[in-house]
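Next come the chains, spelled out residue by residue.
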Amino acid sequence: MDNSYNLKQLPTKEERHKLFGSVPPGPRTKPHEKEKMKDLQNTKQNFLFELDAVGISNVKHPIKIASSMTPETQTTIGTFYFASSISQDSKGTNMSRFTEQLHHYHSEGFTLSIESLKQFTRDLKDRLEQKDAEVKVEFPWFFERKAPYTDMAGMNHADAWIHVRYDERDHHQVTVGLSGKVTTLCPCSKEISEYSAHNQRGNMKMEVELAEDFDESQADWKVLLLEAAESNASARIHPVLKRPDEKMVTEQAYENPRFVEDMVRLVAADLYELNMIEKFYVKCVNEESIHLHDAVASITYDKRKK
Ligand SMILES: Nc1nc2c(ncn2[C@@H]2O[C@H](COP(=O)(O)OP(=O)(O)OP(=O)(O)O)[C@@H](O)[C@H]2O)c(=O)[nH]1
C-alpha cells in the first residue's frame, strides 16, 4: 500500500506536528505567576556543606575590548564563567541573575577591562545577595602584525582571559592570561646536523596574578605577555610573509634556537622582572615536526614566597 502524500497536498503544519507525535497540552495545575511559584533555590535549611562556587559557565557574549596595538578597539566574543560561594543553609543560587546582569552591562555599553570587571563582581555579589562573586572571561584578541622586511600587514590573534574574584573583605584578586603561538627551532637538531634544523609551532601559555595596584591605563597586560613570549622565541609568527621576509624569519630562527625548557625559563625571567606581576605560570607545548607527540615544559613561581 502506498501511504506517501502527494507533495502538492501536504497536511497543514499542525497536522504534520501531530503526525510526528505532538499532543495537545495537558491540564495545568501549577501557578504561572512568579509570586505564587515555589522558590526552591531560596529554601533555607541545613544542606550539609557550604559550596566554594556555584554559577554558570560557557556563556558566549559579544564584548568590546581595548588594545594598545592596532586595532585599538575591537568587538570580539567573550566566553564567561560566573559564580559565587553559597552557605550551608542555602539550597541554591539564582542563576538567572548572572545573565541578567551581563545583559544590563551590555546595554549600558560596557567595555571589558579589569576595572569594569571589578565593578561587575561587586554588583554581582550584591545582586546575588552572597558574600563573594567571581567572573572569568576568555576571548580572542586580535593584533596587527607587519612582516619584518616588507612591512606588509595582516591580522594575528591570541587567546586572552581575565579572572576577577571579589571576596567578603572587599578585596579583588585579579589573574590574567594569554595563549599565543611562536616559532621554536630545535638547538639539538641544529648542533648535530650538517645543515638545517627542524622547527615547530610552540604554544605559549602564561597566567599571572597581578598586584592589587596594577593600573591598566599605564600598561596593556596583553601586549606585555605577548612580548614576553615572542621576544624570547626563535621567531615570531606572521600572517603575511614575502620572500625577503621569509628569508629573515628563517635565518632569525636558526640564530635563536630554543628547547621547550629554554622557552619557559626565558619567559619566566621576563615576567620575574615585571613588578606588577606577583605570581606566574608559564607553559610551552611544542608541536614537534619530527614526531607525532608534543614536547612540554612548565613553571610556577610566586614572588611573594621567595
Ligand atoms: N540554582 C539552580 N538553578 C538552576 C539549575 N539548573 C537550572 N537552573 C535555573 O533556574 C533558573 C531560575 O532562575 P532564578 O534566578 O532562581 O529565578 P527567580 O527566582 O525567578 O529569579 P529572581 O527574581 O532573581 O529571584 C532558570 O533560569 C534555570 O536556568 C541548578 O542546577 N541550580
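Residues numbered from 1 in each chain as written. Predicted model: local features only at pLDDT ≥ 70, side-chain atom pairs only at ≥ 80, totals over all residues. Heavy atoms only, no water.

As annotated in an unreviewed UniProt entry, the protein is GTP cyclohydrolase FolE2 from Allobacillus saliphilus. Per its UniProt entry, the protein bears the Function (unreviewed entry) comment "Converts GTP to 7,8-dihydroneopterin triphosphate." Turning to the protein, the UniProt record has this under Pathway (unreviewed entry): "Cofactor biosynthesis; 7,8-dihydroneopterin triphosphate biosynthesis; 7,8-dihydroneopterin triphosphate from GTP: step 1/1." (UniProt positions renumbered as here; feature names shortened; annotations may be inferred.)

Chemist: Hey, could you run me through the overall build of the protein in this one?
Modeler: Along its length, the protein carries 7 helices and 9 strands. C-alpha atoms of the protein, sized along the principal axes, occupy 80 × 70 × 35 Å. Sorting the 306 residues of the protein into buried and exposed places 39% on the buried side. Pairs at least 24 residues apart make up 65% of the contacts formed inside the protein by residues separated by at least 6 positions. As presented, the protein carries roughly 19,000 Å² of accessible surface, and 50% of it is formed by carbon and sulfur atoms. (Helix = DSSP H or I, 4+ residues; strand = E, 2+ residues; numbered from the N terminus. Buried < 20%, exposed > 50% of the residue type's maximum accessible area, 1.4 Å probe, protein only. Contact = heavy atoms within 4.5 Å. Areas by Shrake-Rupley, 256 points an atom, 1.4 Å probe, with all protein chains shown as cover.)

Chemist: Explain helix α3 (residues 114–128) here, please?
Modeler: Given 3.6 residues per turn, any residue in an α-helix points the same way as the ones three and four places further on. Across its 15 residues, α3 extends 21 Å between first and last C-alpha, which sits within 8% of the 21 Å expected from 1.5 Å per residue. Residues Ile-114, Ser-116, Leu-117, Lys-118, Phe-120, Thr-121, Leu-124 and Leu-128 constitute the buried set of α3. Where α3 ends, the next residue or the one after it, Glu-129, has phi of about 55°, a positive value. (Expected span 1.5 Å × (residues − 1).)

Chemist: What's the story with unusual backbone geometry in this structure? I'm lost.
Modeler: Most peptide bonds take the trans form, and the phi angle of most residues other than glycine is negative. Looking along the chain, the bond that leaves Thr-70 and enters Pro-71 is cis, with omega of -5°. Along the chain, Pro-71 turns up in the loop between β1 (51–66) and β2 (73–86).

Chemist: Looking at this structure, how should I read the packing of aromatic side chains?
Modeler: The geometry of an aromatic ring pair is captured by the separation of the ring centres together with the interplanar angle, meaning the angle of the planes. This structure, assessed with the given rule, holds 9 aromatic pairs. Both rings, one in Phe-82 and one in Phe-120, keep their centres 5.8 Å apart while their planes meet at 25°; by these two values the pair is stacked. With a gap of 38 residues between them, Phe-82 in strand β2 and Phe-120 in helix α3 connect regions that are remote in the sequence. Here the aromatic rings of Phe-280 and Tyr-301 are separated by 5.5 Å at their centres, their planes lie at 15°, and the arrangement is stacked. (Phe/Tyr/Trp six-rings, centres within 6.5 Å; stacked < 30°, edge-to-face > 60°.)

Chemist: Explain a negative patch on the surface to me, please; I cannot follow it from the model alone.
Modeler: On the surface, Glu-115, Asp-170, Glu-212, Asp-213 and Asp-215 cluster together to form a negatively charged patch. A relative accessible area of 47% means that Glu-212 is categorised as partly exposed. (Patch = residues over 30% accessible without salt bridge, like charges linked within 9 Å, V, L, I, M, F, W, Y side chains within 5 Å. Salt bridge = Lys/Arg side-chain N within 4 Å of Asp/Glu carboxyl O. Lys, Arg positive; Asp, Glu negative; His and termini not counted. Charge placed at Lys NZ, Arg CZ, Asp CG, Glu CD.)

Chemist: So what exactly am I meant to see when it comes to empty space enclosed by the protein here?
Modeler: Empty space left among the atoms is revealed by rolling a probe the size of a water molecule over them. Tallying each qualifying case throughout the model produces 1 cavity of 30 Å³ or more. The calculated volume of the largest cavity comes to roughly 40 Å³. For the largest cavity, the full set of lining residues is Val-176, Val-208, Leu-210, Trp-221, Leu-224, Leu-225, Met-276 and Ile-277. When contributions to the lining of the largest cavity are tallied by element, the ones reaching two or more residues are β7 (199–210) and α5 (221–231). Looking at the lining of the largest cavity, the element that brings in the most residues is α5, giving 3 residues. Across the lining of the largest cavity, the residue classes break down as 8 nonpolar, no polar and no charged. (1 Å grid on protein atoms, 1.4 Å probe; cavity = no way out; pocket = protein on both sides within 12 Å on 5 of 7 lines; lining within 4 Å. Points joined across faces, edges and corners; volume = space filled by probe spheres on them. Nonpolar A, V, L, I, M, F, W, Y, C, P; charged D, E, K, R; others polar.)

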